[in-house]
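Secondary and tertiary structure notes
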Amino acid sequence: KAGVTQTPRYLIKTRGQQVTLSCSPISGHRSVSWYQQTPGQGLQFLFEYFSETQRNKGNFPGRFSGRQFSNSRSEMNVSTLELGDSALYLCASSLEGGRSNQPQHFGDGTRLSIL
Amino acid sequence: GESVGLHLPTLSVQEGDNSIINCAYSNSASDYFIWYKQESGKGPQFIIDIRSNMDKRQGQRVTVLLNKTVKHLSLQIAATQPGDSAVYFCAENIQGAQKLVFGQGTRLTINP
């Protein structure tokens, strides 16, 4: 069974640009979550999607957004990029999530560098 | 369990010894806990989980202990091997939400 796939693996952008990252969950998984990982802040929750709806959201500005498609694939978008957005962006999927307490499985992330 | 700071705690152990990695979590409403292993250039890899109605759970070479009284979680790795070198994170899941809150991580290094 294929794991969580994230594309692209690496991305370089400049300040003010926008970026879209993609995530394909494990087959059959319907919940997709996004996390930002930086050396200073560690792993921080961005948002979670289930059945094309955002169910949970972390404490990030509105420049960070996401969506989920009917096949459970998800994208996240960051607009008006800032230097501080340089990070590893991780996607995780689980069967259903919520009250069912199932483990999230992570992809290897997209490394975003802002120049 | 909120991630803080730049400096990861480090644990160095001899190959073949047992490793114990500790984690304090913050939210009494957390009902599910997970340990992840992250190797350089990769995403976190699921190791073992435990629900709040349990004190202990064992996997292959790993054991997780949960002490809800003091909000403490530990991961024990038996007979540590070079391949165990990585950063280990504990994560707590807030009840009713699919939202993991991660600890700061511990870097485990294995001495030959």
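Further up the page is the structure itself.
Everything numeric here is computed off the predicted structure, so don't read it as measured data.

**So, the state of the cysteines**
- This structure, assessed with the given rule, holds two disulfides over all chains.
- In this model, C23 of chain A is linked to C91 of chain A through a disulfide, with the two sulfur atoms separated by 1.8 Å. Here C23 of chain A and C91 of chain A share a disulfide; its torsion about the S-S bond, -60°, makes the bridge left-handed. Taken together, the positions of C23 of chain A in strand β3 (residues 19-24) and C91 of chain A in strand β9 (residues 87-94) put the pair 68 residues apart, joining distant regions of the chain. Summarising the burial analysis for this pair, C23 of chain A and C91 of chain A share the class buried.
- Sulfur-sulfur distance for the disulfide between C23 of chain B and C90 of chain B comes to 1.6 Å. Here C90 of chain B lies in strand β8 (residues 86-94) and C23 of chain B lies in strand β2 (residues 19-24), a separation of 67 residues in the sequence.

**Here's the deal with the sheet that holds strand β6 (residues 62-67) of chain B**
Residues and elements named next belong to chain B.
- The strand order across the open sheet built from four strands is β2-β7-β6-β5, with neighbouring strands paired in antiparallel fashion. Taken across any chain shown, the strands that pair with only one partner, and hence form the sheet edges, are β2 and β5 (56-58). In this sheet, neighbouring strand axes are inclined to one another by 15° on average, regardless of whether the strands run parallel or antiparallel.
- The sheet contact formed by β6 and strand β7 (residues 72-77) spans six bridges and is antiparallel. Bridging across to β7, T63 finds its partner in Q76.

**Some words on the nonpolar core**
- W34, L46, F64, M76 and Y89 of chain A are the most contacted members of the largest nonpolar core, which totals 21 residues.
- For this core, the elements supplying multiple residues, two or more each, are β3, β4 (31-38), β5 (42-50), β8 (74-78), β9 and β11 (110-114) of chain A.
- Residues contacting M76 of chain A, with those up to four places away along its chain left out, are V19, T20, L21, W34, L46, F47, F64, S65, G66 and Y89 of chain A.
- In terms of nonpolar packing, the next biggest core, distinct from the first, is built from 19 residues, Y25, L75, I77 and C90 of chain B among them.

How each quantity is defined
Residues numbered from 1 in each chain as written. Chains lettered and ligands numbered in written order. Predicted model: local features only at pLDDT ≥ 70, side-chain atom pairs only at ≥ 80, totals over all residues. Heavy atoms only, no water. Disulfide = S-S within 2.5 Å. Helix = DSSP H or I, 4+ residues; strand = E, 2+ residues; numbered from the N terminus. Buried < 20%, exposed > 50% of the residue type's maximum accessible area, 1.4 Å probe, protein only. Pairing = 2+ DSSP bridges. Axes fitted to C-alpha atoms, helices over the stretch in contact; angles between N-to-C directions. Core = buried A, V, L, I, M, F, W, Y, C linked by side-chain atoms within 4.5 Å. Contact = heavy atoms within 4.5 Å.

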